[in-house]
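# Topology and contacts: notes
Spelled out, the chains give:
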Amino acid sequence: MSELTYLRAISDGLRTEMRDDERVLLMGEDIGVYGGAFKVTDGFIEEFGADRVMDTPLAESGIVGTAVGAAVVGLRPVCEMQFADFVSCGFDQIVNVAGKMLYRQGLPVNITVRLPSGGGFSGGPFHSQNPEAWFMHSPGLKVVAPSTAEDAKGLMIASIRDPNPVIYMEHKNLYRRVKGEVPDGSYETPFSARVARAGTDLVVITYGAMVHTALEATEDLEDASVMVLDLRSLVPLDERAILDAVRECSKVVIVDEANQTCAAGAQVAAMIAEHGFEDLDGPVVRVAAPDVPIPFSPPLEAAVLPSVDRVREACRQLLEY
Amino acid sequence: MSELTYLRAISDGLRTEMRDDERVLLMGEDIGVYGGAFKVTDGFIEEFGADRVMDTPLAESGIVGTAVGAAVVGLRPVCEMQFADFVSCGFDQIVNVAGKMLYRQGLPVNITVRLPSGGGFSGGPFHSQNPEAWFMHSPGLKVVAPSTAEDAKGLMIASIRDPNPVIYMEHKNLYRRVKGEVPDGSYETPFSARVARAGTDLVVITYGAMVHTALEATEDLEDASVMVLDLRSLVPLDERAILDAVRECSKVVIVDEANQTCAAGAQVAAMIAEHGFEDLDGPVVRVAAPDVPIPFSPPLEAAVLPSVDRVREACRQLLEY
Amino acid sequence: MATGSTDVHIGPNTPAPQSASSHLTIDDRVGLLRAMLLMRAIEERAMNLYRQGKVPGSFYDGFGQEAVSVGATWAMAGADRLCVLHRDLGAHLVRGVQPSNVLAQYMGREAGITSGRDGNVHFGDYRTGCVGMVSMLPDMMLVAAGMAMAFKLRNEARCALTWFGDGSTSRGDFHEAMNWAGLQQLPVIFVLENNQFAYSTPIDQQFAVNPVQRAAGYGFPGVSVDGNDAEAVFEATREARERAISGGGPTLIEAVTMRMHGHGAHDDMKYVPKALVDEWRQKDPIDRQSARVRELGVDVDALRAEVRAEVDAAAKQALAGPMPDPATATDRLFHPRDADEILLEDGAAPWSGFGTSR
Amino acid sequence: MATGSTDVHIGPNTPAPQSASSHLTIDDRVGLLRAMLLMRAIEERAMNLYRQGKVPGSFYDGFGQEAVSVGATWAMAGADRLCVLHRDLGAHLVRGVQPSNVLAQYMGREAGITSGRDGNVHFGDYRTGCVGMVSMLPDMMLVAAGMAMAFKLRNEARCALTWFGDGSTSRGDFHEAMNWAGLQQLPVIFVLENNQFAYSTPIDQQFAVNPVQRAAGYGFPGVSVDGNDAEAVFEATREARERAISGGGPTLIEAVTMRMHGHGAHDDMKYVPKALVDEWRQKDPIDRQSARVRELGVDVDALRAEVRAEVDAAAKQALAGPMPDPATATDRLFHPRDADEILLEDGAAPWSGFGTSR
Ligand SMILES: Cc1ncc(C[n+]2csc(CCOP(=O)(O)OP(=O)(O)O)c2C)c(N)n1
Ligand SMILES: Cc1ncc(C[n+]2csc(CCOP(=O)(O)OP(=O)(O)O)c2C)c(N)n1
Ligand SMILES: [Mg+2]
Ligand SMILES: [Mg+2]
């Protein structure tokens, strides 16, 4: 066990798997000599060399497309988009080439695509997006979103080993803010949900950075016992854990940092409205970013991103329902 | 009034607006000399010339990006993606350039992007997609999806006149299958829902081709009175009409041809679960395509796309609830 | 065995006449013809099946362009890897895909390469070292570059090859792949199949300068070759492969040809000047190769008859096969963790230069 | 008025000496210097404000590259249209954007061009004929091509210009824009700002062949120019504009320069060889232009002092302005149907060749 930041835990996951498996290589812009825009791969090029820590041209479609090619002949590329926002430039290769290869022709595509995502530090409209829902809506891709250092490492290792394309959402606002005990060596975190805090009166269902917002918002909520369910994996979605939580608590708040329409939270809410309806003791409440680009200026950004206060208020109102 | 197919109604909308407004120009692959892969613009180049019915290179990012440029200096481009599926290749220009320009810098982008979408004729994984949810999740874009010939024309004219980027979903499987009386001359269909059939026991909420599936499935459903609500516009979403229908009927089936996770139907279901909860008399049932690419072979495709039978069965079960 | 040796050969390793590539035996030259005949016969049969309503969706063929896929594939070793495009059925046949499976594919049957999940020539049989295309053009150029990148990283003497059309060069992925390949000097061969049109759009509405001239701007050679001459395409590809596997980097080969049918079965191509079609009909690649091997004393009519019989049998077999079971429609979305790893496997490589026909 | 005429001029229309472009008056030459000084002073002030925690997010500047944006914009008419990139603050200044609004923009204040919706140099003031960039590079090349397409379709003697970096040339949109512009022979100018690096990645890891050499492959000229010489950049752009508005089509201009600061304020650029930085420090574009106008008898120190005072006042004004009201955060997602149409408007065009300084 070592105490690591979320960021170092990601690095540790990558390093562990690269040491164990020489098929793993990293590809991305400025990940080699510079160590990555966020320094996730700091020191990697010294240990693994430029062939396995590849500084690529500024070309997201190129990164994903060549990674697919390398994967089907036996490598296991992990691609970094410098910011999750730039994945729009490699979108087609992900959804049409990587996502549909196995279903169509029986050929698995073992790539992992790292998306440093999310807002909270004045990144503005192009450095704050949470694009996971685009990929949830695109069949053939797995999507994971760790919230803790331990899961960041374990999900990284599991993503690389998974024979399918995995979109790995890493929230930039957790990189240095979140620390935790992380097991040494190799381990995998399953693609399933985790009860971040047990509770019986209400469940907050969320993932990524919003797990921490939810925990903080409900820490001290009068006398209510609030469960926080951390989804960890969005595809596959742990429907059983969600429905169990709904059965246990009867009241649900879903928190999502992404723009609300058709977000991950919409899918969770819809699934509950269909399969957990009888267990519900109140409306399925959602807290998410309104449908606008994430603004740059701190007061505007704070008004848009789901805050501890907004989540607390939503829980409070629902508890009173 | 003339009786037109859905396809001809789209053409009529384009032609009407091009005659009225010389700023309107069409851009796309094979839309000029050939008249478009589906012949929507058949004869246009003869009437309007190659400058206004522009055969472009095979480059979707190029089509959208240059259209944005032309729009901000005063033209009103209508872009055709040859199939909706290829919009993934112009995705970035739509979501990041067109969608965010007004919010960021106060400059509206008046473009319309036509997406011939949907399955039902063995188009296979790359000629059958329904990508509207990607755009619903991307702020700054309007999204419309007509189901009738009359609305196809009226929404086309309204989309072109709307100063914002509009994603116009035209379902290929309606092109020649659906006919209707269409007013001559110029008119606009509002970006709001329409009651396709009144009813009081259950409402099927849907849009596009599935409106017809829903109508057929519930035409003769024992003695139940089934409302069918045709959303017509997905952004903005007519939440009031949806909630009114839920209040009236208390039971809801949502039908969506797209892959189910994070689809338009997920958003509608989530919205109802939050704001219509008290009016619900049963689970919010969804019928959608499972999360796989749309297969080519007729028996497989039929197993995946929502069918009249599946919708009828879902309604029947919910009515019995 | 779909292609390669044939009953109609004169004898192994008979030297080819001066006029032809000195790297082709007579067996090779007949093999090239046979593969082209087979491609054409399968596609003609498929077109008939389409007209009979047995092929769902639309249907696309490579009539008149057979030399491009057959000639290029003939130069590829078993361990090489290919991304095969929509005019290039010949590549699949040379690599060993069976005609009956191709016809089953077109008809959406269970025995099709994709088991009915994808249609027409949108397939790749990973057991032959081929990745099937996606529709989005030319996405596969990047996949091919990526395979070559892996070969280079692992220091393997192998190469990757893909085809794409003239129109496809307008898209960004063309550029990203060209730049990547040139920058990393990858063992990859890009075959630009210039058939004068992209759907209805002639090349002069696609680009101001022929893209083959762009190769230099990426740091590697671009060569033009008569795309209706299978031996010329073979030879250009062979040279490119030599360069690739010896560390000399990528090559862009422009195969100049003509799309002799409509874009798809639904397209009457009335936008193409009749004179142009007439002109190219004179250059039919099968006629050309037939004349060559006929001069060598090969009984081409017998070869044609043999191929026809093979396709008849294949069609019969394909038609007898079942459609896929709808209950399987949602299977295989994800590969299980505990299942065997699946990677591209070696394909057939009939060229005599590899010392073995399979 | 941010730039253009100045108090320190010698007299209008004094002919420029032989060594400089014959199209620049002394006023022009001083104006170029003044705009560069202003750009540098604003960015230096912004960097201080960033260090004081007054600029949220990161901060990006164009230190050492001032000649590229200022020189190119100087050649553009009011009716021309620009897409301005992240090293090109000078373009905004020449077009008439006020320094206080720029500083307010960096600080996320209400008076910023985007009212706090976007950060740093991600802005465009449509009232000056400029479209602000999106981060995705080089998406704006297509937008610029599209504006030029509209001009050509409407038969207007106007052109569009945009900048982009060496690294950005690797992306597909570069190619789609180049191809589109060449095919349609559009009145567009592409200024490739080759500052030797894309973030940490040197140009030899971005491409095998300098992209300026690719222009020919798209059917139009590519020219290289000393990007640290404002007058040379002006002259190349002026010529390109002449060609563009007279129907001669696009031009790719490579402005060779060096990124003298880190990629952003957070970047110590230790990956850049010190010798390289030292070498380029000798070529500072402001020093060069200062020497020139000093030779003409202009009091450069007074000019510097004037600019400094202007920026002091601007900073004061910007700091005094409020942050945006959070209640407005979701406004203006869509433009109302009944609101006035908003299009790009004409910007300032101070070049004497246009006969008016505004
Ligand atoms: C990205 C993309 N856009 C549009 C299409 C639709 N489409 C299919 S084939 C074709 C023309 C392709 O022309 P070319 O590349 O010359 O290949 P050819 O069919 O002539 O062999 C088009 C536009 C596509 N497949 N991919
Ligand atoms: C499509 C895209 N991918 C990644 C980035 C992240 N990024 C921002 S600037 C930069 C380097 C740009 O280099 P260059 O084009 O040479 O411009 P410079 O900053 O040197 O002026 C990168 C990789 C981006 N902005 N856009
Ligand atoms: Mg072609
Ligand atoms: Mg640069």
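Residues numbered from 1 in each chain as written. Chains lettered and ligands numbered in written order. Predicted model: local features only at pLDDT ≥ 70, side-chain atom pairs only at ≥ 80, totals over all residues. Heavy atoms only, no water.

## As for the overall build of chain A
Tallying secondary structure elements over chain A gives twelve helices and 14 strands in all. For chain A, the C-alpha radius of gyration of 19 Å lies close to 20 Å, the compact-globule estimate for 321 residues. Among the 321 residues that make up chain A, the fraction classed as buried is 77%. Taking as baseline every contact in chain A between residues at least 6 positions apart, the subset at least 24 positions apart corresponds to 80%. Total accessible area computed for chain A in this model is approximately 8100 Å², and 45% of it derives from carbon and sulfur atoms. Across chain A, the centroid of the 27 positively charged side chains sits 3 Å from that of the 47 negatively charged ones. (Helix = DSSP H or I, 4+ residues; strand = E, 2+ residues; numbered from the N terminus. Rg over C-alpha atoms; globule rule 2.2 N^0.38 Å. Buried < 20%, exposed > 50% of the residue type's maximum accessible area, 1.4 Å probe, protein only. Contact = heavy atoms within 4.5 Å. Areas by Shrake-Rupley, 256 points an atom, 1.4 Å probe, with all protein chains shown as cover. Lys, Arg positive; Asp, Glu negative; His and termini not counted. Charge placed at Lys NZ, Arg CZ, Asp CG, Glu CD.)

## Comments concerning the site of ligand 2
Within the structure, ligand 2 sits among 21 residues, and A:E60, D:R87, D:S135, D:S168 and D:F197 are positioned closest to it. More than one chain reaches ligand 2: its neighbouring residues belong to chains A and D. Within the complex, the protein chains bury 96% of what would otherwise be the 570 Å² of accessible surface of ligand 2. Partitioned by chemical class, the residues of the shell around ligand 2 number eight nonpolar, eight polar and five charged. (Near = heavy atom within 4 Å. Nonpolar A, V, L, I, M, F, W, Y, C, P; charged D, E, K, R; others polar.)

## Here we look at the coordination of the magnesium ion (ligand 4)
Residue and element names in this part refer to chain D. Every protein donor of the magnesium ion (ligand 4) is accounted for by D166 (OD), N195 (OD1) and F197 (O), and the metal-donor separations fall at 2.0 to 2.2 Å. Within one chain, the residues donating to the magnesium ion (ligand 4) are spaced in sequence as D-x28-N-x1-F. With D166 in the loop between β3 (160-165) and α6 (172-184) and N195 in the loop between β4 (188-194) and β5 (197-198), this residue pair connects regions lying 29 residues apart in the sequence. Using a relative accessible area of 1% as the deciding quantity, one classes D166 as buried. (Donors = N, O, S within 2.8 Å, 3.2 Å for Na, K, Ca; no water.)

## Examining the relation of the copies chain B and chain A
The two copies are related by a screw motion: chain B maps onto chain A through a turn of 180 degrees and a shift of 0.0 Å along the axis, at an RMSD of 0.0 Å. Interpreted geometrically, this transformation is the action of a two-fold axis. The overlap is high: 100% of the interface residues of chain B also sit at the interface in chain A, so the same surface is used on both sides. (Least-squares fit on C-alpha atoms with pLDDT ≥ 70 in both.)

## Observations regarding the sheet that holds strand β1 (residues 81-84) of chain D
Strand-to-strand pairing in sheets goes through backbone hydrogen bonds, with the strands running parallel or antiparallel. All names here are of chain D. Reading across from one edge, β2-β1-β3-β4-β8-β7 is the order of the six strands in this open sheet, with parallel pairing throughout. What marks the edges here is a single partner per strand, and that holds for β2 (130-132) and β7 (222-226). Strand after strand, the sheet turns through a mean of 20 degrees between neighbouring axes, direction not considered. Inspection of the sheet shows β7 paired to strand β8 (residues 251-256) by five bridges, in the parallel sense. (Pairing = 2+ DSSP bridges. Axes fitted to C-alpha atoms, helices over the stretch in contact; angles between N-to-C directions.)

## Some remarks on unusual backbone geometry
The omega torsion across A:V235 and A:P236 is -5 degrees, close enough to zero to call that bond cis. Note on placement: A:P236 falls in the loop between β12 (233-235) and α9 (239-249). In this structure, the amide linkage connecting C:L137 to the following residue, C:P138, adopts the cis form with an omega of -15 degrees. Relative to the helices and strands, C:P138 resides in the loop between β2 (130-132) and α5 (140-153). Backbone geometry at A:D30 places phi at a positive 65 degrees, although glycine is not the residue there. As for its placement among the helices and strands, A:D30 is situated in the loop between β2 (24-28) and α2 (44-48). Of note in the backbone geometry, D:N155 takes a positive phi value of approximately 60 degrees without being a glycine. Its location among the elements puts D:N155 in the loop between α5 (140-153) and β3. Taking the relative accessible area as the measure of exposure, D:N155 reaches 71% and is therefore exposed.

## Brief notes about the coordination of the magnesium ion (ligand 3)
Residue and element names in this part refer to chain C. Around the magnesium ion (ligand 3), the protein contributes the donor atoms D166 (OD), N195 (OD1) and F197 (O), at 2.0 to 2.2 Å from the metal centre. Of note, the donors binding the magnesium ion (ligand 3) are all from one chain and are spaced D-x28-N-x1-F. We classify N195 as buried; its relative accessible area is 6%.

## As for the interface of chain A and chain C
Contact residues are listed per partner, giving 46 residues for chain A and 43 residues for chain C. Summed over both sides, the interface between chain A and chain C buries roughly 3600 Å², with carbon and sulfur atoms accounting for 64% of that surface. Scanning the region where chain A abuts chain C turns up five salt bridges. Between C:R171 and A:D92 there is a salt bridge, with its nearest N and O atoms 3.9 Å apart. If you look at where chain A meets chain C, you find 18 residue pairs in polar contact (both at pLDDT 80 or more). (Buried area = accessible area lost by both parts, 1.4 Å probe. Salt bridge = Lys/Arg side-chain N within 4 Å of Asp/Glu carboxyl O. Polar contact = N/O pair within 3.5 Å; in protein donor to acceptor, adjacent residues only side chain to side chain.)

## Details of the pattern of salt bridges
Side-chain pairing between opposite charges can occur once the charged atoms of the two side chains come close. Here the structure, examined in full by the defined rule, presents 88 salt bridges over all chains. Put simply, B:R247 and B:D244 hold a salt bridge, and the shortest N to O gap is 3.1 Å. Taken as a pair, B:R247 and B:D244 lie in helix α9 (residues 239-249) at a separation of three residues, close to a single helical turn. Judged by its relative accessible area of 48%, B:R247 falls in the partly exposed class. For B:D244, a relative accessible area of 36% translates into the label partly exposed. Residue C:R158 is joined to C:E156 by a salt bridge in which the shortest nitrogen-to-oxygen separation is 2.9 Å. By relative accessible area, C:R158 is classed as buried at 15%. Members of the salt-bridge network, linked through shared partners, are A:D12, A:R15, A:R19, A:E47 and A:K153.

## What about the environment of C:G262?
Residues and elements named next belong to chain C. Its place among the elements puts G262 in the loop between β8 (251-256) and α8 (274-281). Through-space distance from the C-alpha of G262 to that of R117 is 25 Å; in sequence the pair is 145 residues apart. Look past the residues within four positions of G262 in its chain and what remains in contact with it is R87, D267 and M269.

## Description of the packing of α5(D) against α6(D)
Residues and elements named next belong to chain D. Following both chains from N to C, one finds α5 and α6 inclined at 15 degrees, their axes separated by 8 Å at the closest point. In this view, α5 runs roughly parallel relative to α6, as classed from their interaxial angle. For the pair α5 and α6, the crossing hand works out as left-handed. Here α5 contributes M141, L142, M149 and K152 to the contact with α6, which in turn contributes D173, F174, E176, A177, M178, W180 and Q184. A class-by-class count of the residues in the contact of α5 with α6 yields seven nonpolar, one polar and three charged. (Parallel < 35°, antiparallel > 145°, perpendicular 65-115°, else oblique. Left-handed = near helix turned anticlockwise from the far one by under 90°.)

## Overview of the nonpolar core
If you look at the biggest cluster of nonpolar residues, it comprises 345 residues, and the most contacted ones within it are A:F135 and B:F135. When residues no more than four places from it in sequence are discounted, the contact partners of A:F135 are A:V87, A:F91, A:I94, A:V95, A:L115, A:L141, A:V143 and A:I167. (Core = buried A, V, L, I, M, F, W, Y, C linked by side-chain atoms within 4.5 Å.)

## Describing the side chain of A:Q267
Mapped onto the elements of the fold, A:Q267 is located in helix α10 (residues 264-275). Here the side chain of A:Q267 touches B:R286 through a polar contact of 3.3 Å, side chain to side chain. Beyond its immediate stretch of four places on either side in the chain, A:Q267 contacts A:L237, B:Q260, B:T261, B:C262, B:A266 and B:R286.

## Examining the domain arrangement of chain A
Residues and elements named next belong to chain A. We note that the domain assignment places domain 1 (2-182) and domain 2 (194-319) within chain A. On the side of domain 2, 25 residues touch domain 1, which itself brings 26 residues to the contact. Both sides of the domain 1 and domain 2 interface together cover about 2000 Å² of buried area, and 59% of this is carbon and sulfur. Its salt-bridge partner being R194, residue D151 comes within 3.5 Å of it at the nearest N-O pair. Remark: the boundary between domain 1 and domain 2 carries 15 residue pairs in polar contact (both at pLDDT 80 or more). Counted by class, the side of domain 1 that touches domain 2 contains twelve nonpolar, eleven polar and three charged residues. (Domains from an automatic or database assignment.)

## Looking at the environment of A:V143
Residue and element names in this part refer to chain A. Tracing the chain through its elements places V143 in strand β6 (residues 142-144). Judged by its relative accessible area of 0%, V143 falls in the buried class. Those residues in contact with V143, other than ones at most four positions away along the chain, are E132, F135, M136, I167, M169, S233, L234 and V235.

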